[in-house]
Amino acid sequence: MSTAQHQPVIQLTDARKTYRTGEIEFEALRGIDCEISEGEYVAIVGPSGSGKSTLMNILGCLDVLTTGSYVLAGEDVEQLDEDALAAVRNKRIGFVFQQFNLLPSLSALANVELPLVYARVAPNERKRRALAALARVGLADKAPNRPGELSGGQQQRVAIARALVTEPTILLADEPTGNLDSTSTEDILAVFDELNREGRTIVLITHEHEVAERAGTIYNVTDGHFVDGTTHLTHMAVVAE
Ligand code: ADP
Ligand code: MG
């Protein structure tokens, strides 16, 4: 059985990012090389300030490298203008953030439908797909509820459904369990496990080693570069058989 495929979906080569604040320069990414295959579940783990969110912004096409190359699904992202970058982002990437980022006045269903509104999908189709995405995260029965009526873990599951509804190539999650208690953290990690078993590529950013250990591959980042100790856990080998 093979759910994992082996096309590289992300290729970073000597990726560097320098922020400029007035006269001051800060090199947040200092030469990262990384290849992520379709179907892989990767965790990027490191302390606060090590460059994880910077890397996520690059991978998610929210920002561009200062030097180096980023090839996403065969496309050289560094060559794209802003509109083309936004198009790639909308098509390829599903984002999950620590702060859920749901709109409080909208139902769970309407929150999940939003990316499809922007993509000009017809209302019936939107509703059908949003309900299916909510069902995938186990929340079909919460479709009419607003975020304030849901637990933190349920809100994060709605956010995951919203990230999935456009069928992105990659799910990028930045500290998705950072605001959750241990039970809700387990719920969210179980959803990621399931999505990865279905063949979804996941990049999970965290400062918590216990969370990172759910992934097949762990990259340790310190001061803007990957350090030794990248781990390919055994269950990845099982998935790939
Ligand atoms: P992490 O997510 O691992 O906590 P970040 O990627 O957010 O780390 O930040 C890495 C480093 O880059 C930090 O020292 C941070 O202060 C700096 N940094 C992040 N964003 C900016 C910015 N927009 N301008 C200047 N410095 C930044
Ligand atoms: Mg961060």
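Rules and cut-offs
- Residues numbered from 1 in each chain as written.
- Chains lettered and ligands numbered in written order.
- Predicted model: local features only at pLDDT ≥ 70, side-chain atom pairs only at ≥ 80, totals over all residues.
- Heavy atoms only, no water.
- Helix = DSSP H or I, 4+ residues; strand = E, 2+ residues; numbered from the N terminus.
- Buried < 20%, exposed > 50% of the residue type's maximum accessible area, 1.4 Å probe, protein only.
- Contact = heavy atoms within 4.5 Å.
- Lys, Arg positive; Asp, Glu negative; His and termini not counted.
- Charge placed at Lys NZ, Arg CZ, Asp CG, Glu CD.
- Salt bridge = Lys/Arg side-chain N within 4 Å of Asp/Glu carboxyl O.

### Re the overall build of the protein
Part 1: Each helix and strand counted, the protein has 8 helices and 10 strands in total.
Part 2: Expressed along its principal axes, the backbone C-alpha trace of the protein runs to roughly 45 × 40 × 35 Å.
Part 3: Relative to its 241 residues, the protein shows a buried fraction of 48%.
Part 4: Considering only contacts within the protein whose residues lie at least 6 apart along the sequence, 69% involve residues at least 24 apart.
Part 5: With 21 positive and 34 negative side-chain charges, the protein shows a spacing of 9 Å between the two charge centroids.

### Some details on the pattern of salt bridges
Part 1: Taken as a whole and judged by the stated rule, the model has 12 salt bridges.
Part 2: The shortest N-O distance in the salt bridge between E25 and R20 comes to 2.7 Å. Both residues of the pair, E25 and R20, belong to the exposed class.
Part 3: Residue E125 pairs with R128 through a salt bridge whose shortest N-O separation is 3.0 Å. Taken together, the residues E125 and R128, both in helix α4 (residues 123–136) and 3 residues apart, mark about one turn of the helix.
Part 4: Since its relative accessible area comes to 31%, E125 is described here as partly exposed.

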